[in-house]
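# Per-entry structural report
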Amino acid sequence: MPERSGPGFRRRVGPPSRRARVALLTLGVLAVLFLLFVMFAGFWTDWLWFRSVHYSSVFTTQLWTKIGLFAVFGLLMAVIVGFNVWLAHRLRPPLSAMSVEQQSLDRYRAGLAPFKRWALIGVSLVIGLVAGAAASGQWRTWLMWTNATSFGEKDAQFGMDVSFYAFDLPFYEFVLGFAFSAVIVSLLTSALVHYLYGGLRLQGPGRRASAGAQGHLAVLLGVFVLLKAVAYWLDRYALAVKTGSYKGVSGWTGLRFVDANAFLPAKTILFFVAIICAVLFFLTPIRRTWAPALIGLGLMVLSAVLIGGLYPAIVQQFQVKPNEQAKETPYIQKNIDATRQAYGIADAQTTQYSPQGSTNADALKPDAQTIADIRLLDPNIVSPTFQSLEQQRNYYAFPSTLDVDRYGTGAGKQDTVIGLRELDLNGVQRNWINDHFKYTHGYGAVVAKGNQVDDRGQPVFSESGLPATGTLGDYQQRIYYGEKTTTYSIVGGSNKEIDYTDPKTGQNAEYTYSGDSGVSLDNPITRAAYAVRFAEPQILYAGAITDGAKVIYNRTPKERVEKVAPWLSIDADPYPVVQDGRVVWVLDGYTTSDGYPFSSKTTLGTATKDSLTNQRGELLAVANQVNYIRNSVKATVDAYTGEVKLYQWDEKDPVLKTWMKAFPGTVEPKADIPQSLLPHLRYPQDMFKVQRDLLGQYHVTDANSFFNGSDIWQVPVDPTSDTKQVQPPYYVTVRMPDTNAASFSLTSTFVPNQRPNLAAFMAVDADPGDDYGKIRILKMTGESGAPGPGLVQSKFNSRQEVASQITLLKSGGDSDLEYGNLLTLPVGNGLLNVEPVYVRGRGAKYPTLQKVLAVYGDDNVAFENTLEDALKKVFAGAAPATTPTAPSTSGTGGTPTSPTTPSPTGPATPAPGGTISPELQKALADAEKAYNDAQTAFKNGDWAAYGNAQKALGDALKAADAARGGGPAPTPPATPTGSGSPSPTP
């Protein structure tokens, strides 16, 4: 037999065998089924997650809106294009001309003939699918248009409600863009069909277009020009939200003189020209000539160039430039007013301030509380300290930036630094069981007093240990949802998780999750879907997943709020609050718009970036370019159950009202905010940063001054950081000069453009209350010469005595210095700058506070071991001439009066006809003690003790007021101040 592989052998060539065909078909079917299941898994797991967090209406509203837009606009596009292709085929000439061109096309016509119907359907469907997919992405535009809420404000040019620009105009522009697309695609496909079937010819004698092709294409061109007329009309209103660059504002929005007096009339004229041109195109099938239509089109293009381009340039050159200030100031004023209103800075209060270089006891008295609450712990530096002292176990970690909050009541209320001990899987042996079954949660909150350190420079903890104990009382300490929790966990059933390691026995305490969070894995289809979602096949068959097991995921607070409220922009810094026996994350949500007429646009990513952005994270923005923003929602995420709550905070915001109508029942009223949570709410940092960015220029409210551009501020570069980014805002307790009491505030500074001295100090009241959100600006007078943060740092570094101490602290290079937050505070009619200085030894795990820098005025610089010593030095030993002024029971200052005058050494004497109850007597005794403590602390320069005594005095006066039945507050005891000294009145 010949060799089968020899040269005479010919391999059999032919169709594959039946077995091969079956195998290929099976593989194809399996691949399609797998792709379909992958798509199903994404949809199914999303639905299960939304249902588990009780926001299924958000999922269904988005889903049905997207499906509706996809179906309507996709079908509409398919019908429009399909109809025009069918019509072009229907209008084909009965006989094609005899030419080389047509003979070449005959082959294509013959090949297409058996499949014409399917080709028509296929082309229409493909185009419809593309259009539908694009339209479904406009679900926000649709929901805002259908649920639009009036702003109750009209724009300065057309008198239209702002809602027209924010909600209506974007939808009209979307529909117009869709219509343009439909006409253009129809025009191209129709022209191709006409060419294929001889209606259009490029070669040969005679007419280049048949009557049918000419009429069809002319009508389509007429519709296109008619749509252009509509576009010209909408462009008139779009001028109010047109963005450009002017007077150094890159996002300048609104009409200027040339827009109102050249572009606006030009758009109106072009609207009518376009209508006339469209009519000429519609008459083309009747007149059987293109000439009028083409002439009209040429005139329209020429008009667009001359009227829409050349004429505005002439107006700008010969009317505006010779007298620009007079022409532009009315429009600048519209921009100023709209911008300040849209960003919530219209009511910002600016006061002239001339800081003094020295102070005295009388000037310091009103600011005693500000001084007492100066925060020494920098939450951006002490995270390693928390980590080293309170990590307890390798699988716990704290965020790189901690948070500032207020805890306690009355005299015990103070600024605190708080961090949660969250799960960190980098500290365990990594495997699938450990990652997702055993190590599932963090444990406990750690809290330190913001204005104190111990004698080693370490935080003074008021809540610490594992389990945590301290001033917070009993609460659910397990942290299943946190900023560092980014992986999924499978909990519940009979799964035993590592709770924590008992510090006494060294044994692992075990725990089984009992919260109602998560999605059940009892259903095999659900398990398969999650195996696909997480790309983890072990979920399908792992024996560790028992009956009752649930999977929890999407566990960071920002991620959860973003999913249930996809219309919100989320502040970059969630912060934890311990209240009512729970740990909850609090997040600030912003509603935004880019359609506020005349309001300049800002880029959120740029405006909110500072030297701490890499540590804190970035704002999650629905849109990056906006010209309207409101802090409209306060959201909470339970750290144990993951429950998400959205509360209406701004009850006037029309954008929020619009979204509440679109997603009914998802946002709860402001009145439902728990009373225990309310004192922990605060003014958000990203909102503040956007506002201060705008106030750099828009603190100027006069159009003429704005035009001159001589008073532009900028946020200073953070002198304590190497990032070269701007200084972040700081939460501090401060009294502004026009108020009587210190309040928890968010503060920042400004310097003049390209200059280092201080231009202004800005603070916003961050505590919920009547003044919440009130912006106060202290504008430095021209002759003040107050140094900005950079100059303060330079003044500090240039002092010889300071430099020598720094050298000692660095121990010849064996230690590193870390500068804490540089706080600027208006105190004693001047400006006090305080900066904690931390030292980290080589090999040390965390820094300790070793020195405090204080600068007051130009020459008063101190670099001392404690804040008290630094303040004594910069205040030049200022001592009280009389005892300090105590706050009234209303918290607004002043001297309280009462019909009852207590004795300094014995029980109070009742007013005529009255009696002293034991409660009132105790309250007055407490007031006397607090008053004496305040006097002693003030004389000793112990500002922390003085602040606590002031708070205790206020509490005692309130208690006395309550014991008396709510009458006028009693007068605290008078204390003799020495021979010849009058008895001081607090």
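Below, the structure is looked at part by part. Keep in mind that this is a model prediction, so the values were computed, not measured. (Residues numbered from 1 in each chain as written. Predicted model: local features only at pLDDT ≥ 70, side-chain atom pairs only at ≥ 80, totals over all residues. Heavy atoms only, no water.)

### Some points on the overall build of the chain
- Looking only at helices and strands, the chain has 27 helices and 34 strands in total.
- A buried classification covers 52% of the 986 residues belonging to the chain. (Helix = DSSP H or I, 4+ residues; strand = E, 2+ residues; numbered from the N terminus. Buried < 20%, exposed > 50% of the residue type's maximum accessible area, 1.4 Å probe, protein only.)

### Overview of the sheet that holds strand β16 (residues 519-520)
- The strand order across the open sheet built from three strands is β13-β17-β16, with neighbouring strands paired in antiparallel fashion. Strands at the two margins of the open sheet, each flanked by one partner only, are β13 (489-492) and β16.
- Where β16 meets strand β17 (residues 549-552), two bridges bridge the pair, whose relative direction is antiparallel. Residue pairing for β17: Ser520 is matched across the bridge by Lys550. (Pairing = 2+ DSSP bridges.)

### Concerning the sheet that holds strand β6 (residues 414-420)
- Overall, antiparallel pairing links the five strands, which are arranged β5-β6-β9-β10-β11 in an open sheet. Here the strands that pair on one side only, and so sit at the sheet edges, are β5 (403-407) and β11 (469-470).
- Looking at chain direction, strand β10 (residues 459-464) and β11 are connected through two bridges and run antiparallel. Looking at β11, one finds that Glu463 is bridged to Gly470.
- Set on the sheet, helix α13 (residues 383-390) makes contact with β6, β9 (445-453) and β10; between it and β10 the angle comes to about 55 degrees. (Contact = heavy atoms within 4.5 Å. Axes fitted to C-alpha atoms, helices over the stretch in contact; angles between N-to-C directions.)

### A few points about unusual backbone geometry
- A cis amide bond links Leu466 to the next residue, Pro467, at an omega of -10 degrees.
- Along the polypeptide, Pro467 turns up in the loop between β10 and β11.
- Here Gln392, not a glycine, exhibits a phi torsion of approximately 70 degrees, which is positive.
- If you trace the backbone, Gln392 turns up in the loop between α13 and β4 (396-397).
- Relative accessible area serves as the criterion here: at 33%, Gln392 is assigned to the partly exposed category.

### Some remarks on the packing of helix α7 (residues 211-238) against helix α8 (residues 257-287)
- Their axes nearest at 8 Å, the elements α7 and α8 cross at an angle of 165 degrees. For the element pair α7 / α8, the angle class is roughly antiparallel. Viewed along their axes, α7 and α8 form a crossing whose handedness is left-handed.
- Of the residues that constitute the contact of α7 with α8, the class distribution is 19 nonpolar, five polar and three charged. (Parallel < 35°, antiparallel > 145°, perpendicular 65-115°, else oblique. Left-handed = near helix turned anticlockwise from the far one by under 90°. Nonpolar A, V, L, I, M, F, W, Y, C, P; charged D, E, K, R; others polar.)

### Here's the deal with the environment of Asn508
- Relative to the helices and strands, Asn508 resides in strand β15 (residues 508-511).
- The partly exposed category is assigned to Asn508, whose relative accessible area is 40%.
- Residues Asn508 and Ile498, spaced 10 residues apart in sequence, show a C-alpha to C-alpha distance of 6.3 Å.
- Residue contacts for Asn508: discarding those within four places in its chain leaves Tyr395, Ile498, Tyr500 and Thr501.

### Here we look at the nonpolar core
- Counting 151 residues, the largest nonpolar core has Trp567 and Leu646 as its most contacted members.
- When residues no more than four places from it in sequence are discounted, the contact partners of Trp567 are Tyr590, Thr591, Val622, Val633, Leu656, Trp659, Phe663 and Val667.
- Leu377, Ala448, Leu871 and Val874 belong to the second largest nonpolar core, which has 32 residues in total. (Core = buried A, V, L, I, M, F, W, Y, C linked by side-chain atoms within 4.5 Å.)

### Description of a nonpolar patch on the surface
- On the surface, Leu24, Leu25, Leu27, Val29, Leu30, Val32, Leu33, Leu36 and Met39 cluster together into a nonpolar patch covering about 940 Å² of accessible area.
- One can find Val29 in helix α1 (residues 18-52).
- Exposure remark for Val29: the relative accessible area of 43% places this residue in the partly exposed category. (Patch = residues over 30% accessible without salt bridge, like charges linked within 9 Å, V, L, I, M, F, W, Y side chains within 5 Å. Areas by Shrake-Rupley, 256 points an atom, 1.4 Å probe, with all protein chains shown as cover. Salt bridge = Lys/Arg side-chain N within 4 Å of Asp/Glu carboxyl O.)

### Description of the pattern of salt bridges
- Using the criterion set out here, one finds 25 salt bridges in the structure.
- Across the pair Glu390 and Arg421 runs a salt bridge, and its minimum N-O distance is 3.2 Å. One end of the pair, Glu390, is in helix α13; the other, Arg421, is in the loop between β6 and β7 (422-423), with 31 residues separating them in the sequence.
- A relative accessible area of 7% means that Glu390 is categorised as buried.
- Between Lys689 and Asp610 there is a salt bridge, with its nearest N and O atoms 3.0 Å apart. Within this pair, whereas Lys689 is found in helix α21 (residues 685-698), its partner Asp610 is found in the loop between α18 (604-607) and α19 (613-616), the two being separated by 79 residues in sequence.
- Sharing partners across several salt bridges, the network here consists of Asp405, Arg406 and Asp767.

### Details of α13
- Taken together, the buried positions of α13 are Ser383, Thr385, Phe386, Gln387 and Glu390.
- Looking at the buried side of α13, the elements it contacts are β4, β6, β9 and β10.
- Backbone geometry just after α13 places Gln392 at a positive phi near 70 degrees.

### Examining the environment of Trp567
- On the secondary structure map, Trp567 appears in the loop between α17 (557-564) and β18 (569-570).
- Trp567 sits 22 residues away from Gly589 along the chain, and the two C-alpha atoms are 9.4 Å apart.

### With respect to α8
- Look at α8: 44 Å from first C-alpha to last across 31 residues, which is about the 45 Å you get at 1.5 Å a residue.
- The largest bend in α8 is about 30 degrees, located at Phe263, with the proline Pro265 one to four residues further on.
- Two residues or fewer after α8 comes Arg288, characterised by a positive phi angle close to 60 degrees. (Expected span 1.5 Å × (residues − 1). Bend = angle between axes of the 7 residues up to and from the residue.)

### Points about the pairing of β9
- Strand direction decides the pairing type here: β6 and β9, joined by five bridges, are antiparallel. Within β9, the position partnered with Gly419 by the bridge is Val446.
- Inspection of the sheet shows β9 paired to β10 by three bridges, in the antiparallel sense. Counterpart to Val447 in the pairing with β10 is Glu463.
- Taking the residues between adjacent antiparallel strands as the criterion, β9 and β10 are bridged by five residues, where Gly457 takes a positive phi near 80 degrees.

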